[in-house]
Amino acid sequence: MAFAPRTLRSLLEMPLKSAPRRMQISDLKTLQVEHNKDTNEFTINLREAGKAVLNYEYLSSDLIELYHTEVPAAARGQGVATLLAEAAVKFVKENNLRVKVTCTYVKGYLAKNPDRDFIKQVVS
């Protein structure tokens, strides 16, 4: 499929969107993970960058599924998702829940940070 010359030229002359400004997190310890049991999510308020979230769902009274983690682009790669995963692991262990992990980030986190007590509670 060929573009008409005028269309191609107008596309090439369009200003590029700038990438989101990278948020510098100087100390992860200053970030606070909130657990909202009403919405089944762990969150971190990153002010102007937005909100980082790890979602879960109860499949039964003693079984949850960790299914999604998202960090705003401006704050990625700085350990924010790790804080969310750590909070979820702690919640599962403290409440003696079984857990199904379908979130690819949490799966990777567990592969790099195996926790015997937590792994005993994982179901397929």
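Shown above is the structure to which this text applies.
Here the residue numbers are simple positions, counted from 1 along each chain's written sequence. Selection of residues for local features in this predicted model requires a pLDDT of at least 70, selection of side-chain atom pairs for listing and counting requires 80 or more, and totals for whole chains, interfaces and linings are taken over all residues. Hydrogens and water are ignored here; the side-chain numbers use all heavy atoms of the structure.

1. Regarding the sheet that holds strand β5 (residues 98-101)
For two strands to count as paired, DSSP must find a minimum of two bridges between them. Helix numbers and strand numbers start at the N terminus; a helix is a DSSP run of H or I with at least 4 residues, a strand a run of E with at least 2. With mixed pairing, the 6 strands of this open sheet are ordered in space as β1-β2-β3-β4-β5-β6. Edge positions in the sheet fall to β1 (33-36) and β6 (122-123), since each of these pairs with one other strand and no more. The pairing of β1 with strand β2 (residues 41-45) spans 4 bridges and is antiparallel. For Val33, the partnering residue across the bridge sits in β2 and is Ile44.

2. So, helix α3 (residues 104-112)
Classification of residues uses two cut-offs on accessible area relative to the type maximum, computed with a 1.4 Å probe and protein chains only: under 20% is buried, over 50% is exposed, and between them is partly exposed. All buried positions along α3 are accounted for by Val106, Tyr109 and Leu110. Looking straight down α3, one finds its buried side chains confined to an arc of 95 degrees; they lie on one side. In α3, the exposed residues that point more than 90 degrees away from the buried face are Thr104, Ala111 and Lys112. Throughout, a residue-residue contact means that at least one pair of heavy atoms, one from each residue, lies within 4.5 Å. On its buried face, α3 sits against β3 (51-60), β4 (63-70), α2 (80-94), β5 and α4 (116-119). Read the arc as the range of directions from the helix axis to the C-beta atoms.

3. Focus: the pairing of β2
The element β2 is extensively covered by neighbouring structure, given that 4 of its 5 residues are classed as buried. Between β1 and β2, which pair antiparallel one after the other, the connecting turn spans 4 residues, and Asn40 there sits at a positive phi close to 55 degrees. As paired elements, β2 and β3 share 5 bridges and run antiparallel to each other. Bridged to Phe42 within β3 is Leu54.

4. Some words on the pairing of β4
In this sheet, β4 lies alongside β3 in antiparallel orientation, the contact comprising 7 bridges. Within the sheet, the bridge partner assigned to Tyr56 lies in β4 and is Leu66. In this structure, the hairpin formed by β3 and β4 is closed by a connection of 2 residues. Sheet topology places β4 next to β5; 4 bridges connect them, and they run parallel. If you follow Glu65 over to β5, its bridge partner there is Lys100. Handedness is read with the strands pointing away from the viewer; a crossover is right-handed when the path from the first strand over the helix to the second is clockwise. The handedness of the β4 to β5 crossover, carried by α2, is right-handed.

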